Amino acid sequence: MTVEAVQYEGAPGALINEEMVKCVVHKFYARALQNAVLGPILRNAVGLNWTEYISLMTDYWTSVLLDTERYHGNPILAHLQHSEIKREHFDLWLGLWRETAEEFCAPPAAAEFVRKAEDIGNSLKLNLYEKPNFRQSEYDPYLSSRLFTTQPDDQPGVAKPDINPAPASEIHPRIYSYVFGAYAWMLFSLWMALRSDGGAVFMIAISSFFLAMYAGVPYLLSALGRRYSGANAPKRNDFGTFLDKDISTFTGTITGREALIQITIIPILLALGMSAIALIISHARA
């Protein structure tokens, strides 16, 4: 496909929307293909699949900027398949991305495009070049065939790359138990404060039932899965290891400890607030 064929004509407004994202993605890759350094790397990595690749990148950036959740690939694994991608290329890529965003977007939107790109670039550089155990000398040839590979199919006799040192994308179940415990404590505090009111107790009982269903059904399914998968079940890291491990997100990499704080802070504060309200109600009725 020619450079002109991947260009997209559009005049997006000041706010970020899908048309703006599509415009920036198309314009950026049209320029990247013409770049003396990035162009050969892109052509080698993508080959003739430009229509599919541009569509994938549009899905990726709408997921990053608009939370569309259309992208389901693994950017770190995708970049690992191409040893010609060097650390310095990310700065060149970011400069070209900033230039494109500032030309075709209003300043506030352009700033958001650049901010997200900087976070993503820093996360990729961290995981690709600052973790010596993460980059492997050899890769599964099936994975190397496409830049935008998501997960490999099982192939007998073909070893898959060891990507265990990659940032985790799964939250440790203990964090969910903390969230569940906080909401359970909220309901318990309400029950203690309003236990003499039959109507209120009935509503609390209904809320407790739905909370138990909301948390209990996924837990039961997970337990059944672990039971029947047996030895094939993946080994789960202990909680201490999780807290020190990196968690990969759309906007960058955070530690498990930071994820714990971000996920549990609001439920815990709500539980504490509800406890205070319950104490006030109990004191007022005394």
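Look a little higher up for the structure.
What comes next is a walk through the structure.

What counts as what
- Residues numbered from 1 in each chain as written.
- Predicted model: local features only at pLDDT ≥ 70, side-chain atom pairs only at ≥ 80, totals over all residues.
- Heavy atoms only, no water.
- Salt bridge = Lys/Arg side-chain N within 4 Å of Asp/Glu carboxyl O.
- Helix = DSSP H or I, 4+ residues; strand = E, 2+ residues; numbered from the N terminus.
- Buried < 20%, exposed > 50% of the residue type's maximum accessible area, 1.4 Å probe, protein only.
- Phe/Tyr/Trp six-rings, centres within 6.5 Å; stacked < 30°, edge-to-face > 60°.

### Focus on the pattern of salt bridges
Here's step 1: Going through the model one piece at a time under the given rule, you end up with eight salt bridges.
Here's step 2: The partner of E118 in a salt bridge is R98, with the nearest N and O atoms 3.1 Å apart. Pair noted here: E118 is in helix α6 (residues 107-129) and R98 is in helix α5 (residues 87-104), with a separation of 20 residues, a long-range link.
Here's step 3: Taking the relative accessible area as the measure of exposure, E118 reaches 30% and is therefore partly exposed.
Here's step 4: By relative accessible area, which is 28% here, R98 ends up partly exposed.
Here's step 5: R257 is the salt-bridge partner of D244, the closest N and O atoms lying 2.8 Å from each other. Pair noted here: D244 is in helix α10 (residues 239-244) and R257 is in helix α11 (residues 256-285), with a separation of 13 residues, a long-range link.
Here's step 6: Each of the salt bridges in this network shares a partner with another, and the network as a whole consists of R31, E99 and E103.

### Looking at the packing of aromatic side chains
Here's step 1: According to the stated counting rule, one finds 13 aromatic pairs in the structure shown.
Here's step 2: Judged by centre distance (5.7 Å) and plane angle (90 degrees), the rings of W50 and Y53 are edge-to-face. On the criterion of helical spacing, the pair formed by W50 and Y53 is a turn pair, its members being three residues apart in helix α3 (residues 50-66).
Here's step 3: Assessed through its relative accessible area of 3%, W50 is described here as buried.
Here's step 4: An aromatic cluster of at least three residues, connected via ring pairs, comprises F28, Y29, W50, Y53, Y60, W61, Y71, W93, W97 and F113.

### So, unusual backbone geometry
Glycine aside, a negative phi is what most residues show, and trans is what most peptide bonds show.
Here's step 1: Phi at D67 is positive, roughly 60 degrees, even though this residue is not glycine.
Here's step 2: Take D67: it is sitting in the loop between α3 and α4 (75-80).
Here's step 3: Take D67: its relative accessible area is 61%, and that puts it in the exposed class.
Here's step 4: One non-glycine residue, E69, lies in positive phi territory at about 60 degrees.
Here's step 5: The topology assignment puts E69 in the loop between α3 and α4.
Here's step 6: By relative accessible area, E69 is classed as exposed at 60%.

Function cannot be inferred from these measures alone, as they are strictly geometric.
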